Amino acid sequence: MKLSILDQSPVSSGSSAGEALAQTARLVQRAEKLGYTRYWVAEHHGMEYLANPSPEILLGQLGAITSTIRIGSGAVLLPHYSPYKVAENFNLLSSLYPDRIDLGIGRAPGGSAHETLALRENYLQNVYNFPSLVSDTLGYLHQNLASDHAFSGIHARPIPPVPPEAWLLGTSEKSAAYAAELGISFAFGHFMSESFGPDIVRNYRKNFQSSYVKQHPYVMVALSAICADTEEEANRLATSLDLWAIQTEKGKISGGIPSVEEALAYAYTDEEREMIQTKRQRMLIGTKEQVTAQLHALQAEYEADEWMIVTITHDYEARLRSYELVADALLT
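Residues numbered from 1 in each chain as written. Predicted model: local features only at pLDDT ≥ 70, side-chain atom pairs only at ≥ 80, totals over all residues. Heavy atoms only, no water.

### What about the layout of surface pockets?
1) Next: Here the largest pocket is characterised by a volume of approximately 1,400 Å³.
2) Next: Mapped by element, the contributors of at least two residues to the lining of the largest pocket are β3 (70-77), β5 (165-170), β6 (185-189), β7 (219-227), α9 (231-250), α11 (270-280) and β9 (306-310).
3) Next: Space inside the second largest pocket adds up to approximately 210 Å³.
4) Next: Residue lining of the second largest pocket: 17 residues in total, with His190, Gln281, Arg282, Leu298 and Tyr302 positioned closest to the centre.
5) Next: Those elements that provide at least two residues to the lining of the second largest pocket are α8 (197-207), β8 (283-286) and α12 (288-302).
6) Next: Per element, the largest residue contribution to the lining of the second largest pocket is 5 residues, and it comes from α12. (1 Å grid on protein atoms, 1.4 Å probe; cavity = no way out; pocket = protein on both sides within 12 Å on 5 of 7 lines; lining within 4 Å. Points joined across faces, edges and corners; volume = space filled by probe spheres on them. Helix = DSSP H or I, 4+ residues; strand = E, 2+ residues; numbered from the N terminus.)

In structure tokens form, the structure reads like this:
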């Protein structure tokens, strides 16, 4: 089973963005040694508890301290940016780290309405034009713009020996339809979606159109997991995410990912407990044997080509241990 990592560079309460980014650097090196296939970093804006607004900048650092693991964006939020500039950035990364760069593309805002407007005042128009933005980006990466395109003949230099591998990320039927129509790999965010993912993935495969980018459909499913040496410890660690989810829902998060102690001391309402139970149904929590069994059950539904795991805990060592346990169970 191919396993990869999505890192949102979470900032824990009592910590700093600098420390979170240093942890990302440590984790990618450990992931490479453990045998993970890819290591993607996310893009968020204006969030004090998620440290990375610029995947392309962070990837330049991560490439320099690794040698074999694929690194990429999960995702570059394309409606904010010029396709030409995105292609330049990722061609540069691919020139620095040949055949190791993934360009995951998304269309979410990645921040509040104010941050979205500050990034791109015509964001909503660009969401409407999203398929053509992706098509243009692919054309620049593969030097394959249509001859009647307004910018046909220009190149997003430097041109690397191998183009970045393009992915479309999403949580809906619409994203899957775009990926199928464009003929590129699709990463489905199981941990973020309230839709029935297996049907979305099946429709992507069914409707996939071969392209100059990808001849056959390819699916990666991203999920949230917390693995520990005991079931009790895994559930204890997950309480941080329980409280974080409540704080995020209420717009009252402050100071980073809450600690287990903060979470255990919080007085949850019945409505909040119900919300937590719903969110936990989309997570894998337990020992490595339990997480493995849960993942195999999901694999029977999704038939994914690859899985990507996002793990957030207040304590970095617990997060590292979780990835180590999953790798020990599935990658050895």
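### Quick word on the pattern of salt bridges
1) Next: By the definition in use, this model includes 18 salt bridges.
2) Next: With a closest N to O distance of 3.1 Å, arginine 26 and glutamate 317 form a salt bridge. Here arginine 26 is found in helix α1 (residues 17-34), whereas its partner glutamate 317 is found in helix α13 (residues 316-330), with 291 residues between them in sequence.
3) Next: For glutamate 317, a relative accessible area of 43% puts it in the partly exposed group.
4) Next: Taking the shortest distance from any N to any O, the salt bridge between glutamate 165 and arginine 38 comes out at 3.6 Å. Taken together, the residues glutamate 165 in strand β5 and arginine 38 in strand β2 (residues 38-41) connect sequence positions 127 residues apart.
5) Next: Given a relative accessible area of 21%, glutamate 165 falls into the partly exposed group.
6) Next: The network of salt bridges with shared partners includes Arg38, Arg70, Asp99, Asp102, Glu165 and Glu306. (Salt bridge = Lys/Arg side-chain N within 4 Å of Asp/Glu carboxyl O. Buried < 20%, exposed > 50% of the residue type's maximum accessible area, 1.4 Å probe, protein only.)

### A word on the packing of helix α3 (residues 83-96) against helix α6 (residues 130-141)
1) Next: Two elements in contact, α3 and α6, have axes separated by 8 Å at closest approach and are oriented at 40°. With respect to α6, the axis of α3 lies oblique. Where α3 crosses over α6, the handedness of that crossing is right-handed. Facing α3, whose interface residues are Pro83, Tyr84, Val86, Ala87 and Asn91, α6 presents Leu133, Asp136, Thr137, Tyr140 and Leu141.
2) Next: Partitioning the contact of α3 with α6 into residue classes produces 7 nonpolar, 2 polar and 1 charged. (Axes fitted to C-alpha atoms, helices over the stretch in contact; angles between N-to-C directions. Parallel < 35°, antiparallel > 145°, perpendicular 65-115°, else oblique. Left-handed = near helix turned anticlockwise from the far one by under 90°. Contact = heavy atoms within 4.5 Å. Nonpolar A, V, L, I, M, F, W, Y, C, P; charged D, E, K, R; others polar.)

### Notes on the side chain of threonine 287
1) Next: Along the chain, threonine 287 turns up in the loop between β8 and α12.
2) Next: Among residues more than four places away in sequence, those in contact with threonine 287 are Cys227, Ala228, Asp229, Thr230 and Glu231.

### Quick word on the environment of leucine 27
1) Next: By the secondary structure assignment, leucine 27 is in helix α1.
2) Next: On the basis of relative accessibility, which here comes to 1%, the residue leucine 27 falls in the buried class.
3) Next: On a C-alpha basis, the gap between leucine 27 and tyrosine 323 in space is 9.2 Å, while along the polypeptide they are 296 residues apart.
4) Next: In this structure, leucine 27 is in contact with Asp7, Tyr39, Tyr316, Arg319, Leu320 and Tyr323, ignoring residues within four places of it in sequence.

### A word on empty space enclosed by the protein
1) Next: Counting across every chain of the model gives 1 cavity of 30 Å³ or more.
2) Next: Computed from the structure, the largest cavity encloses a volume of approximately 30 Å³.
3) Next: Around the largest cavity sit Pro10, Ser12, Gln23, Thr313, His314, Tyr316 and Arg319, which together line it.

### Some words on the packing of aromatic side chains
1) Next: Applying the stated criterion across every chain yields a total of 12 aromatic pairs.
2) Next: Considering the side-chain rings of tyrosine 36 and tyrosine 323, the 6.0 Å spacing of their centres and the 90° angle between planes classify their relative orientation as edge-to-face. Linking tyrosine 36 in the loop between α1 and β2 with tyrosine 323 in helix α13, this pair joins segments that are 287 residues apart in sequence. Accessibility assignment for this pair places tyrosine 36 and tyrosine 323 in one class, buried.
3) Next: Their ring planes at 90° and their centres at 5.7 Å tell us that tyrosine 302 and tryptophan 307 sit as a pair that is edge-to-face. The pair tyrosine 302 / tryptophan 307 is uniform in exposure class, with both members buried.
4) Next: By way of ring pairs, the aromatic residues Phe186, Phe188, Tyr204, Phe208, Tyr302 and Trp307 are connected into one cluster.
5) Next: Lying over the aromatic face of tyrosine 218, lysine 214 brings its terminal NZ or CZ to 5.0 Å of the ring centre. (Phe/Tyr/Trp six-rings, centres within 6.5 Å; stacked < 30°, edge-to-face > 60°. Lys NZ or Arg CZ within 6 Å of the ring centre and 35° of its normal.)

### So, the pairing of β7
1) Next: Most of β7 sits out of view: 9 of its 9 residues are buried.
2) Next: Bridge analysis of β6 against β7 gives 4 bridges, and the strand direction is parallel. Bridged to phenylalanine 188 within β7 is valine 221.
3) Next: With 5 bridges connecting them, β7 and β9 associate as parallel partners. (Pairing = 2+ DSSP bridges.)

### Concerning the packing of helix α2 (residues 55-64) against α3
1) Next: Contact geometry for α2 and α3: axes closest at 11 Å, N-to-C directions at 5°. The orientation of α2 relative to α3 falls into the category roughly parallel. In contact with Glu56, Leu59 and Gly60 of α2, α3 contributes Asn89, Phe90 and Leu93.
2) Next: For the contact of α2 with α3, the per-class residue count stands at 3 nonpolar, 2 polar and 1 charged.

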